[in-house]
Amino acid sequence: MPGGEGIPARHIYLDKKSGSTTNRPGLHEALDQAREGDVIVVHTLDRAHRGRGACDG
């Protein structure tokens, strides 16, 4: 998957879409790498919402 729109591929984090798990290694890695002022874009919010607890802390 190319970076597109000027985003380097190394800054794109993916998780498999599955309703059966809350394990989101891509989300956790993105949050670990994020710095103040960074913007995290989620392509499908219905999937992000399932792991929302990870973003609360």
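Cut-offs and rules
- Residues numbered from 1 in each chain as written.
- Predicted model: local features only at pLDDT ≥ 70, side-chain atom pairs only at ≥ 80, totals over all residues.
- Heavy atoms only, no water.
- Helix = DSSP H or I, 4+ residues; strand = E, 2+ residues; numbered from the N terminus.
- Buried < 20%, exposed > 50% of the residue type's maximum accessible area, 1.4 Å probe, protein only.
- Contact = heavy atoms within 4.5 Å.
- Salt bridge = Lys/Arg side-chain N within 4 Å of Asp/Glu carboxyl O.
- Arc of directions from axis to C-beta.

**Q** Account for the overall build of the chain, naming residues and giving values.
**A** Regarding its fold elements, the chain presents two helices and zero strands. Here the chain holds 57 residues, and the buried ones make up 11% of them. At a minimum sequence separation of 6, the contacts of the chain that also span at least 24 residues come to 36%.

**Q** Quick rundown of the pattern of salt bridges? Include the residues and the values.
**A** Counted under the stated rule, the structure contains one salt bridge. The closest approach of N and O atoms between Asp38 and Arg35, which form a salt bridge, is 3.9 Å.

**Q** I'd like to hear about helix H1 (residues 25-33), residue by residue, with values.
**A** Residues of H1 that are buried include every one of Gly26, Leu27 and Ala30, and no others. The arc that holds the buried residues of H1, viewed along the axis, is 100 degrees, so those residues lie on one side.

**Q** I'd love a proper account of the environment of Gly26, names of residues and values included.
**A** The topology assignment puts Gly26 in helix H1. Judged by relative accessible area, which is 8%, Gly26 ranks as buried. Considered as a pair, Gly26 and Leu14 are twelve residues apart in the sequence and their alpha carbons are 5.1 Å apart. What Gly26 contacts, discounting residues up to four positions off in sequence, is Tyr13, Leu14 and Asp15.

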